[in-house]
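Descriptive analysis of the structure
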Amino acid sequence: MPDQPASQRDFAGRVVAWQQVNGRHDLPWQQTRDPYRIWLAEIMLQQTQVQTVIPYYERFLARFPTLEALAEAPLADVLERWSGLGYYARARHLHRCASTMVAGQHDGFSADPAINAQLPGIGRSTAAAISVFAFGRRAAILDGNVRRVLARCFGLTSGASPAQDERALWVLAESLLPEQAIEAYTQGMMDLGATVCTRWQPACQACPLQVICVARQQGRQTELPQRAVPKPVPERAGKLLLLTDGRQVLLERRPPSGIWGGLLSLPEVAAETAESFALRHGCRLKQTQQLPTISHRFTHFRLSIEVLCGEVEVVGRLAADAGWQWLALADVAGAALPTPIRRLLLSLSTTGWSFTAGGAAAGADDLG
């Protein structure tokens, strides 16, 4: 790391003073020392903007007001309350983490970040945030917003390896911690990255660090932080079957781990024909139609999904077996469904189901 001139030694003081006047103070998870609420907010805020999180946070707490309520609830209920927020592994980790603590397999949240980091789904930065906001512990966080502020202010460039860069960032973050007002400092770093030192078009004129910021002085705001050269994204393919009678759709509960773990989704089909599949699930297949291919990007790969839509007459209820569910189309918006599947069903149910020979169902071209 570069040596810090005297002006940069007051880094924390500048952040604290700015946060106390210009930072965010009315978020629903502020003004509390309840580690459960702080933990929930920190998990929801991972890769998700504050304004998106707020209504989900409030609805989630209304349903699961305590750690015990969360642990005792079925995972399906937790996923349903998470529906639409994305990155569903976070919800599964929340449930597992709560269950672990309530079952006495872990002592629970602690002022020590190292103890918090032992819990399922809690990384080093989240563990530190819990310790800071719930217990007033002096600890460093290093989420995406903080990384951007540090990289620009200190003009940090990539070193020999990502691992080395990571270690150096943690050393820097810990060296900047103030002796007092740790909560205001930590919140200030989050607020600066989210509202001022944004990824695109940062508002440098409003930043308390502008006079000591290397990126500002050198005009390198768009260059820093340096981003790794993207690797080619692997492609995967899948085939799904959408059976509907126009009022409801047949869904399968996916395994708890893997892609879309624990969510309801359209069943995958391989060698079996749509007709034989429908018969096994108490339906008579009337006609089918191929929908446009859906492309969905995951963190490490892109999935191309072929969807065959089948109009059926339900003559039995074999889908009442465990793992299967007939979901009313009117309930699609609130169900625990993968985002591309929800979009597909909402599009088709909004515009109406239309089976025409050789054509696509109405509204399917909106899916992209």
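This text gives an overview of the structure that appears in the document.

A few words on the overall build of the protein chain. When helices and strands are counted, the protein chain shows 14 helices and seven strands. Along the first, second and third principal axes, the C-alpha set of the protein chain runs to 80 × 45 × 35 Å. The buried share of the protein chain, taken over its 368 residues, is 47%. In the protein chain, the proportion of contacts linking residues at least 24 apart, taken out of those at least 6 apart, comes to 67%. Accessible surface, the protein chain: about 18,000 Å² in total, of which carbon and sulfur atoms supply 50%.

Mapping Arg-254 onto the fold places it in the loop between strand E2 (248-253) and strand E3 (264-265). Among residues more than four places away in sequence, those in contact with Arg-254 are Ile-259, Trp-260, Gly-262, Leu-263, Ser-265 and Glu-268.

So, about the nonpolar core. Membership of the largest hydrophobic core comes to 61 residues, with the highest contact counts inside it found for Trp-39 and Phe-60. Of the residues forming this core, the biggest block, seven residues, is contributed by helix H3 (residues 50-63). Setting aside its immediate chain neighbours within four residues, Phe-60 contacts Tyr-36, Leu-40, Met-44, Leu-70, Val-78, Arg-81, Trp-82 and Leu-94. Core analysis: the second largest hydrophobic core is formed by 39 residues, Trp-170, Tyr-185, Met-189 and Leu-209 among them.

Turning our eyes to something else, we now look at the packing of aromatic side chains. Centre distance and the angle of the planes are the two values used to describe a pair of aromatic rings. Under the counting rule described, the total for this entry stands at ten aromatic pairs. Between Tyr-36 and Trp-39, the aromatic rings sit 5.9 Å apart at their centres with planes inclined by 50 degrees, giving tilted as the arrangement. On the criterion of helical spacing, the pair formed by Tyr-36 and Trp-39 is a turn pair, its members being three residues apart in helix H2 (residues 35-44). Given the relative accessible area of 4%, Tyr-36 is considered buried. On the basis of relative accessible area, Trp-39 is assigned to the buried category, the value being 1%. Measuring from ring centre to ring centre gives 5.3 Å for Trp-39 and Phe-109, while their planes differ by 50 degrees; the resulting arrangement is tilted. With a gap of 70 residues between them, Trp-39 in helix H2 and Phe-109 in the loop between helix H6 (89-102) and helix H7 (113-116) connect regions that are remote in the sequence.

Rules used in this analysis
- Residues numbered from 1 in each chain as written.
- Predicted model: local features only at pLDDT ≥ 70, side-chain atom pairs only at ≥ 80, totals over all residues.
- Heavy atoms only, no water.
- Helix = DSSP H or I, 4+ residues; strand = E, 2+ residues; numbered from the N terminus.
- Buried < 20%, exposed > 50% of the residue type's maximum accessible area, 1.4 Å probe, protein only.
- Contact = heavy atoms within 4.5 Å.
- Areas by Shrake-Rupley, 256 points an atom, 1.4 Å probe, with all protein chains shown as cover.
- Core = buried A, V, L, I, M, F, W, Y, C linked by side-chain atoms within 4.5 Å.
- Phe/Tyr/Trp six-rings, centres within 6.5 Å; stacked < 30°, edge-to-face > 60°.

Honestly, it's all geometry; don't read function into it.
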